[in-house]
Amino acid sequence: MAGVNKVILIGNLGAKPEVRHLESGSVVANFNIATTEKYKNKAGQLIEQTEWHRLELWDNLAKIAEQYLDKGSQVYVEGKLRTEEWTDKDGVSRRTTKIRVNNMTLLGSRGGSDTGNKTAATTSNANQTANSETASFEPIGENPDDDLPF
């Protein structure tokens, strides 16, 4: 039986993406997003627990992240876990787990205020998509030929 390696997150960026353009022509973007869970404990106190997740995007998604994402931006991502191991300069074995993103939806900025036309939806063919197989991206709201009344 085959396994499943799928991660779905909605969170806010902790900082602007770090983008590198490689000699091969590939582009890679790395950034962290925070997800926060709120709940009440047995004593009735409101507890807020934040987890940080390291994301890695390649090529078209990396270019979109570079252009549209900033600190505080809210984003929906789908991807898979990837674990990397290496030995640092002191000879110590290191290990980290990242999420390799293959689908992304830009949701807006942290405070709920939209930053112009940077909001995008990527959940169906009717909307513009931003995933690892697409070559173009156009945020919703920038199409002057759209005559829908809503």
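In every chain, residue numbers begin from 1 and rise along the written sequence. The model is predicted, so local features are restricted to residues of pLDDT at least 70 and side-chain atom pairs to those at 80 or more, both for listing and for counting; the totals for chains, interfaces and linings are taken over all residues. The side-chain figures draw on all heavy atoms in the structure; neither hydrogens nor water molecules are used.

A few words now on the pattern of salt bridges. One side-chain nitrogen of Lys or Arg within 4 Å of one carboxyl oxygen of Asp or Glu is enough to make a salt bridge. All chains considered together, the criterion is met by eight salt bridges. As a salt-bridge pair, glutamate 84 and lysine 98 come within 3.9 Å of each other at their nearest N and O atoms. Here glutamate 84 is found in strand β5 (residues 73–87), whereas its partner lysine 98 is found in strand β6 (residues 93–109), with 14 residues between them in sequence. According to the relative accessible area criterion, glutamate 84 is partly exposed, its value standing at 31%. Put simply, arginine 94 and aspartate 88 hold a salt bridge, and the shortest N to O gap is 3.1 Å. Each of Glu56, Glu84, Lys98 and Arg100 takes part in a single network of salt bridges with overlapping partners. The secondary structure listing takes helices from DSSP runs of H or I that are at least 4 residues long and strands from runs of E that are at least 2 residues long, numbered from the N terminus. The buried label goes to any residue with under 20% of its type's maximum accessible area, the exposed label to any with over 50%, and the partly exposed label to all in between, with areas taken from a 1.4 Å probe on protein chains only.

Turning our eyes to something else, we now look at the pairing of strand β3 (residues 27–40). Across two bridges, strand β1 (residues 7–13) lies against β3 in antiparallel orientation. Bridging from a neighbouring strand, asparagine 12 pairs with alanine 34 of β3. Two strands are said to pair when DSSP picks up at least two bridges between them. Taken together, the four bridges between strand β2 (residues 18–21) and β3 define a ladder with antiparallel strand orientation. Paired with histidine 21 across the strands is valine 27, a residue of β3. Counting the residues between successive antiparallel strands, the hairpin from β2 to β3 contains five residues, one of them, glycine 25, with a positive phi of roughly 100°. The sheet contact formed by β3 and strand β4 (residues 46–58) spans 13 bridges and is antiparallel. Each bridged residue has a counterpart across the sheet, and for alanine 34 the counterpart in β4 is tryptophan 52. In this antiparallel pair of consecutive strands, β3 and β4, the connection spans five residues, and glycine 44 shows a positive phi of 85°.

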